[in-house]
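Single-letter residue listing:
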Amino acid sequence: DLQLSDRVQQIKPSPTLAVTNRAAELKAAGKDIIGLGAGEPDFDTPEHIKQAAVEAINNGFTKYTAVDGTPGLKKAIINKLQKDNGLSYEANQILVSCGGKQSFFNLALAYINPGDEVVIPAPYWVSYPDMVVIAGGVPVVIETDESTRFKITAEQLEASITANTKLVVLNSPSNPSGVAYTADELKALGAVLKKHPQIMIATDDMYEYIWWADFAFENILTVCPELYDRTIVLNGVSKAYSMTGWRIGYAAGPAKLIGAMKKVQSQSTSNPTSISQVAAEAALNGGRDCVLPMVEAFKERHDYVVKTLNEIPGFSCIPADGAFYAFPNVKGAMDKAGIDNDVDFAEKLLLEAGVALVPGSAFGSPGYMRLSFATSMKTLEDALNRIKKALS
Ligand code: PLP
């Protein structure tokens, strides 16, 4: 009998990928399924970015690069962080990885000891708790709901901190809620963290560019520069430039921590794909103009989806500040259907409406559903009509 590691038995497969696979299975079996589970933009990667990659191939840029990224891409990242965020970094403070997912994984392995606590606000990106568990750490989840727009308060943060707290994770705009923290809210969290100098802060800014709020994007470091030595900024090109398949993410932070994360990466994947690094460099150096039409489309869909979700009996949905997800509360509809478990409710929507959504419990917030609107208006109209019909 095959004995798997204790480590792997403590984690679960990514639930968002599982929903996508389940929808694909039903489709392959001939069922008419609309998948709104996937967390990736539906747009093609912009042409100038693809061209840069084609040139890289033609020029033979197809070999190992430095583990932590090419000098050109690191320079482009440094310039981006300076220009957009007013943050200054040297090359030894930047690590390029195979997607934002690997950036966080490197952080967990390089920084978390068994028993260390990591504060994670819910609803959270599905991978944070499991990656912390792989590293032997203990996720400490702070629950939120619509009353604070799914954002943690300074009081909640203070109450979650113990002598074992090693890391606090912030993600704004959030996957799955789409909400973003304001400068004042971040300052209030920063004030708490300043009292606990042993804690590092990871700010996951993956959705920075998918933004339509009427206030400016900030992260905890841009509003609390005193936290520079204790903050790691995580970002990438996957969501911003519709480059999920290219697998490029990056981390910026204290040189000692980045160096340790690089060591982990040097013994696992080595450098991210050379060709993708050239593409990411072209993306960042090209600025965000090519992103604006995508953001406009996401905003139009967002407005339609939020309005329509609120018309479904037993659903209620707050508007988002960015990203491409709606996160409606469906507890009323679950009650009406006599279902007390959001996984079963997602299954009902899949079988009876033919629409795949991800249950909120996957994000630590049962009673909600995540709907990705990274798909056409027509598809969204069909999907929401089907849900309305199935529940009426
Ligand atoms: N961070 C957040 C909040 C995300 O939603 C994702 C992707 O779903 C990632 C990081 C990782 O992105 P990738 O590994 O595709 O670059």
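Scoring rules and cut-offs
Residues numbered from 1 in each chain as written. Predicted model: local features only at pLDDT ≥ 70, side-chain atom pairs only at ≥ 80, totals over all residues. Helix = DSSP H or I, 4+ residues; strand = E, 2+ residues; numbered from the N terminus. Buried ≥ 20, exposed ≤ 12 C-beta atoms within 10 Å, placed from the backbone. Near = placed C-beta within 6 Å. Nonpolar A, V, L, I, M, F, W, Y, C, P; charged D, E, K, R; others polar. Core = buried A, V, L, I, M, F, W, Y, C linked by C-beta atoms within 7 Å. Domains from an automatic or database assignment. Contact = placed C-beta atoms within 7 Å. UniProt positions renumbered as here; feature names shortened; annotations may be inferred. Axes fitted to C-alpha atoms, helices over the stretch in contact; angles between N-to-C directions. Parallel < 35°, antiparallel > 145°, perpendicular 65-115°, else oblique. Pairing = 2+ DSSP bridges.

A. Region of the structure containing the environment of Ser376. Looking at the secondary structure, you find Ser376 in the loop between β12 (369–372) and α15 (377–391). For Ser376, a count of 12 C-beta atoms within 10 Å corresponds to the exposed category. It is 15 Å that separates the C-alpha atoms of Ser376 and Ala326, two residues lying 50 residues apart in sequence.

B. View of the site of the ligand. As a structural note, the neighbourhood of the ligand is formed by 13 residues, with Gly99, Gly100, Lys101, Asn175 and Ser238 the closest of them. Its residues assigned to classes, the shell around the ligand comprises 2 nonpolar, 9 polar and 2 charged.

C. Region of interest: the nonpolar core. Counting residues in each nonpolar core, the largest one holds 116 residues, and the members touching the most others are Ala251 and Val355. Take this core: its biggest share by element is 6 residues, from helix α11 (residues 274–285). Structurally, this core is a two-domain feature, drawing no fewer than three residues from each of domain 1 (6–44 + 291–391) and domain 2 (49–287). Other than its neighbours up to four places away in sequence, Ala251 contacts Leu95, Ser97, Ser103, Leu107, Ile232, Val233, Leu234, Ile258 and Met261.

D. Inspection of the UniProt feature "domain: Aminotransferase class I/classII large" (unreviewed entry) in the chain at higher detail. As recorded in UniProt, the feature "domain: Aminotransferase class I/classII large" (unreviewed entry) lies at residues 31–387. Counted over residues 31–387, helix gives 40% and strand 13%. Its end C-alpha atoms are 16 Å apart.

E. Quick look at the packing of helix α12 (residues 292–309) against α15. Two numbers describe how α12 lies on α15: the axes approach to 11 Å, and their chain directions differ by 5°. For the element pair α12 / α15, the angle class is roughly parallel. Within the contact between the two elements, α12 uses Arg301, Tyr304, Val305 and Thr308 and α15 uses Met377, Leu380 and Leu384. Grouping the constituent residues of the contact of α12 with α15 by class yields 5 nonpolar, 1 polar and 1 charged.

F. Here's a closer look at the sheet that holds strand β5 (residues 165–171). Pairing is mixed in the open sheet, where 7 strands are placed in the order β2-β8-β7-β6-β5-β3-β4. Only two strands of the sheet have a single neighbouring strand rather than two, namely β2 (94–97) and β4 (138–142). Each strand of the sheet is rotated relative to its neighbour by a mean of 20°, with strand direction disregarded.

G. Broad picture of unusual backbone geometry. For the bond running from Ala122 to Pro123, omega is 0°, close enough to zero to count as cis. Relative to the helices and strands, Pro123 is located in the loop between β3 (117–121) and α6 (127–134). Backbone torsion omega between Ser172 and Pro173 reads -10°, so that peptide bond is classified as cis. Its place among the elements puts Pro173 in the loop between β5 and α8 (183–194). One non-glycine residue, Arg149, lies in the positive phi region at around 55°. Locating Arg149 in the fold gives a position in the loop between β4 and α7 (154–160). A tally of 19 C-beta atoms within 10 Å means that Arg149 is categorised as partly exposed.

H. View of the sheet that holds strand β9 (residues 325–326). Reading across from one edge, β9-β12-β11 is the order of the 3 strands in this open sheet, with antiparallel pairing throughout. Of all the strands in the sheet, the pair left with one neighbour each is β9 and β11 (358–359). Judged from the 2 bridges that link them, β9 and β12 form a sheet pairing that is antiparallel. Directly across from Ala326, in β12, lies its bridge partner Leu371.

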